[in-house]
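What follows is each chain in one-letter form.
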Amino acid sequence: LGITQDITERKQAAILQETVYHIAEAAQKTSSLKHLYTEIHRNISIVMNARNFYIALYDKSDNNLLNFVYSVDEKDTVRESMPLGKGLTSHVLSTGSSFLYSSEQENSRMEVIGIPPMVWLGVPLIAYGQTIGMMAVQDYTDVRAYGMREQRILEFVSSQVANAIVLKRTNDMLQASQASLEMAQSIANLGSWELDPQNGAGLQWSKEMFHLFQCDPSQGIPPLSRFMEMV
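Residues numbered from 1 in each chain as written. Predicted model: local features only at pLDDT ≥ 70, side-chain atom pairs only at ≥ 80, totals over all residues. Heavy atoms only, no water.

Caption draft 1: Just the overall build of the protein chain, in detail. Helix and strand counts for the protein chain come out as six helices and eight strands. From first element to last, N terminus to C terminus, the protein chain shows the α and β order α-α-β-β-β-α-β-β-β-α-β-β-α-α. Counting over 231 residues, the protein chain shows a buried share of 36%. Across the protein chain, every contact between residues at least 6 apart in sequence was considered, and the portion connecting residues at least 24 apart equals 49%. Carbon and sulfur atoms provide 52% of the accessible area of the protein chain, an area that totals close to 14,100 Å². (Helix = DSSP H or I, 4+ residues; strand = E, 2+ residues; numbered from the N terminus. Buried < 20%, exposed > 50% of the residue type's maximum accessible area, 1.4 Å probe, protein only. Contact = heavy atoms within 4.5 Å. Areas by Shrake-Rupley, 256 points an atom, 1.4 Å probe, with all protein chains shown as cover.)

Caption draft 2: View of the sheet that holds strand E4 (residues 99-102). If you trace the six strands from one edge of the open sheet to the other, you get E3-E2-E1-E6-E5-E4, paired in antiparallel fashion. Two strands lie at the open edges of the sheet, namely strand E3 (81-83) and E4, each paired on one side alone. Within the sheet, the average angular offset between the axes of one strand and its neighbour, ignoring direction, is 20°. Judged from the four bridges that link them, E4 and strand E5 (residues 119-127) form a sheet pairing that is antiparallel. Opposite Phe-99, over in E5, you have Gly-122 as the bridge partner. Running at roughly 135° to strand E1 (residues 53-59), helix H2 (residues 33-47) makes contact with E1, strand E2 (65-72) and strand E6 (130-139) of the sheet. The sheet strands contacting helix H3 (residues 88-95) are E1, E2, E4, E5 and E6, and the helix crosses E5 at an angle near 35°. (Pairing = 2+ DSSP bridges. Axes fitted to C-alpha atoms, helices over the stretch in contact; angles between N-to-C directions.)

By themselves, these figures tell us nothing about what the structure is for.
Have a look at this one:
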């Protein structure tokens, strides 16, 4: 006698959760947006066929342009940017819903820009209630490469992908702003410091402060008592 249990769905769910975790982790650890897009593609490739994959971001303030920030394709060359208009990518963005295109179905009459695939799957990237773009996979040879299973997978990871992109873009802008501030302080020979009133030891100061007080940066910020004597 024996008892068997199919744990395929359970294992797939665990892999999906791990994929989402790695994408979130990449937003914190990767050095650039380009590397983040590569990590997103790599992780999605673990759970589904993503040989042909791209991410397009949309910004209303940028002349309504679609910017194809990442693309890996076996046959087609994706343009860097294009106006929001017709085509499968624009359809997903305008509707805010995922879309599965098949050359064998009625939706094959939709306009396809570039080399027509046998099957195409795209999902919107929505972060904090705003559609920031979309991502898509496509296959040129197998019309059954994608179906409802793959659509659910891509929809499941899409929110984490969108959040990771927004987080990375925000962090990059903050770092650029901080670098500009430090450069301006260096040119003006000025420094700045900040003290957390809830934490007497929570003293922070800018790099220029080391130069102004002739302190060795390798020794770190001096204790608060010493700092108060200096000022």
